[in-house]
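Listed below, chain by chain, are the residues.
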Amino acid sequence: MLLKSVNYKSEKIQFSRYSFILIILYLIGPNRGFAQNPLILDQFTADPTARVFDGRVYVYPSHDILASPGKGRPGWFCMEDYHVFSSENLTDWTDHGVILTQTEVPWLERKTYSMWAPDCVYKDGQYYFYFPTGGRIGAAIADKPYGPFKPEQQPIAGVRGIDPGVLIDKDGSAYLFWGGISVAKLKDNMVELDSQPQRIANLPRPGLIEGPFPFKRNGIYYLTYPHEVNGAERLEYSIASSPTGPYEWKGVIMDQSVSGCWTNHHSIVEFKGQWYLFYHDRDLSPDFDKNRSIRADYLYFNDDGTIQKVIPTLRGVGITNAAGEIQIDRYSAVSPEGVTVAFVDPNQKQKGWKAILTAQNAWIRYNKVDFGREKLKSVSIKTSSSTGGVIDIRIDAVDGPLLAKVNIADNTDWSVVNSNLSENPSGAHDLFVMLKDTKTVEIDWIKFE
Ligand code: FUB
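Residues numbered from 1 in each chain as written. Predicted model: local features only at pLDDT ≥ 70, side-chain atom pairs only at ≥ 80, totals over all residues. Heavy atoms only, no water.

### Looking at the pairing of strand S2 (residues 46–53)
Next, step 1: Burial within S2 is extensive, with seven of its eight residues counted as buried.
Next, step 2: Relative to strand S3 (residues 56–62), S2 is paired through six bridges, and the arrangement is antiparallel. Within the sheet, the bridge partner assigned to Thr-49 lies in S3 and is Tyr-60. (Buried < 20%, exposed > 50% of the residue type's maximum accessible area, 1.4 Å probe, protein only. Helix = DSSP H or I, 4+ residues; strand = E, 2+ residues; numbered from the N terminus. Pairing = 2+ DSSP bridges.)

### Details of the site of the ligand
Next, step 1: Near the ligand you find Asp-47, Phe-77, Met-79, Trp-116, Ala-117, Asp-163, Glu-210, Thr-263, His-265, His-280 and Arg-292, and these make up its full shell.
Next, step 2: Here an oxygen atom of the ligand sits 2.5 Å away from a polar atom, N or O, in the side chain of Asp-47.
Next, step 3: One nitrogen or oxygen atom from the side chain of Arg-292 is found 2.7 Å from an oxygen atom belonging to the ligand.
Next, step 4: Relative to its unbound accessible area of 270 Å², the ligand is 100% covered by the protein chains.
Next, step 5: Here the shell around the ligand is composed, by residue class, of four nonpolar, three polar and four charged. (Near = heavy atom within 4 Å. Polar contact = N/O pair within 3.5 Å; in protein donor to acceptor, adjacent residues only side chain to side chain. Areas by Shrake-Rupley, 256 points an atom, 1.4 Å probe, with all protein chains shown as cover. Nonpolar A, V, L, I, M, F, W, Y, C, P; charged D, E, K, R; others polar.)

### A look at the domain arrangement of the protein chain
Much of the literature gives interface size as the accessible area that the parts lose upon coming together.
Next, step 1: The domain boundaries assigned to the protein chain delineate domain 1 (4–299) and domain 2 (320–448).
Next, step 2: One C-alpha centre belongs to domain 1, the other to domain 2, and the line joining them spans 35 Å.
Next, step 3: Residue-level contacts link eleven residues of domain 1 with eleven residues of domain 2.
Next, step 4: Roughly 900 Å² of surface becomes buried between domain 1 and domain 2 when both sides are summed, with 58% attributable to carbon and sulfur atoms.
Next, step 5: At the junction of domain 1 with domain 2, the criterion picks out zero salt bridges.
Next, step 6: On the surface where domain 1 and domain 2 come into contact, there are three residue pairs in polar contact (both at pLDDT 80 or more).
Next, step 7: Classifying every residue of the side of domain 1 that touches domain 2 by side-chain character gives seven nonpolar, two polar and two charged. (Domains from an automatic or database assignment. Contact = heavy atoms within 4.5 Å. Buried area = accessible area lost by both parts, 1.4 Å probe. Salt bridge = Lys/Arg side-chain N within 4 Å of Asp/Glu carboxyl O.)

Here it is in structure tokens:
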């Protein structure tokens, strides 16, 4: 995945350098950021807090790296800095680069490699970035959502713990939640407590240790959190009519991951009238769950304000441009048999995945492909096959309009096979890809031209 990537260092140079790089990035080639899960392929990311600022979604994740000699603790989380990513459509993501590193935190006496789950909120013209490290919670302030963030001289007094989550109420009162789970009011300056920390009562304990994410919708205060049950965390929520409670347990937002990732950590955000759950799994690191990857899926409320359970998908969110590489291995649905997914190159996982079709009439559905208004005339498939085979490309339904029948030759090297379209759709459609015979065809991506 190619992300637009921007790095910040010093203030004055930053703006001009940032603008220059952004312009260059916009000028060269189409955006190839993915809407699919995971959202970021070129680095490990976890604990995503998504916020909407000025019409863009900004995601503030933790940044997992692999511990190495002298750097962190092998076999454990290793995190030394934060990036922020932003998008105006949840399809194309810009990496704004490092916004804070552990060495910039004045009160951190040693490198802890424990820059864990952060949050960022906007108040009165300033962006407040909250981060846990070394058992304390710090704040850093910027006048842009992508920094540069200047850390405070001291951690927030009176707070010990991890995973800050901030709620700003309609009247401007701000509340800091953390750990498993305490809350305190913040002063107007957003970096000092205005009340004694209070442990929130009536939550499902034990198993509550981290990751609170509070938000308010239609007058209801939602406190959402990972809860360890049966050996891994699932996402749950409670509601209240006041930010500090009393809270009433309401249900499960997302079950434990089938991948075996022990942690899950999330945020919930409304963007352009749709609600989203951001969370993480270990897509790029199937054997080590301290190197995680952030994801997003749609989230829906019932009329009574309860939250419908979110079933994690590979497809994720956003609309995919038909003229870009459509990664059908990040599918919405597949036939019960005959489709598997594997890394394109197990030694370079950041190259992503391929779909392998092996049974007659095995199919893949990939939702929300935008064919635009121009009449696209042909389809290209990056494929390899030990047997050759025929692929049908349809839209709207598994037996919907046939766009192309593509003959794949037996060629175990990757090649791009092109075929003319018999129909030229416009607008957004679900895409269906079906293998017509019992052969083996691998597909990296599909695109229309
Ligand atoms: O990322 C490190 C820790 O793992 C976070 O602070 C927790 O929420 C869990 O995701």
